[in-house]
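Descriptive structure summary
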Amino acid sequence: MAHGDLLPYEKLLRFIRERKKAIEETLLYGGIGDFTIFREQRAKLSELTALEQELKALLDKVEND
């Protein structure tokens, strides 16, 4: 598969990483005043991490085929 064909996957992976970083910064440095919001942000971070791993696995498979 040509590199240009992988561009949408790479853009999606970059977007996921940017969202994860934003959530991590909010959790570490932001003023989350409510534990419910904290839990929601942690859940979003977990979902993004799982999505990132799935996308990386898919990219590896596509590149190796």
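Computed from a predicted structure; not experimentally measured.

1. Considering the pattern of salt bridges
- In the structure shown here, the tally under the stated rule is two salt bridges.
- In this structure, arginine 17 and glutamate 52 form a salt bridge, with 2.8 Å as the shortest nitrogen-oxygen distance. With a gap of 35 residues between them, arginine 17 in helix H1 (residues 3–29) and glutamate 52 in helix H2 (residues 35–64) connect regions that are remote in the sequence.
- Here glutamate 52 makes a salt bridge to lysine 20, at a shortest N to O gap of 2.6 Å. Here the residue glutamate 52 occupies a position in helix H2, and lysine 20 occupies one in helix H1, the gap between them amounting to 32 residues.

2. Section: the environment of glutamate 10
- Locating glutamate 10 in the fold gives a position in helix H1.
- For glutamate 10, a relative accessible area of 25% puts it in the partly exposed group.
- Between the alpha carbons of glutamate 10 and lysine 56 there is a distance of 9.2 Å; along the sequence they are 46 residues apart.

Conventions and cut-offs
- Residues numbered from 1 in each chain as written.
- Predicted model: local features only at pLDDT ≥ 70, side-chain atom pairs only at ≥ 80, totals over all residues.
- Heavy atoms only, no water.
- Salt bridge = Lys/Arg side-chain N within 4 Å of Asp/Glu carboxyl O.
- Helix = DSSP H or I, 4+ residues; strand = E, 2+ residues; numbered from the N terminus.
- Buried < 20%, exposed > 50% of the residue type's maximum accessible area, 1.4 Å probe, protein only.

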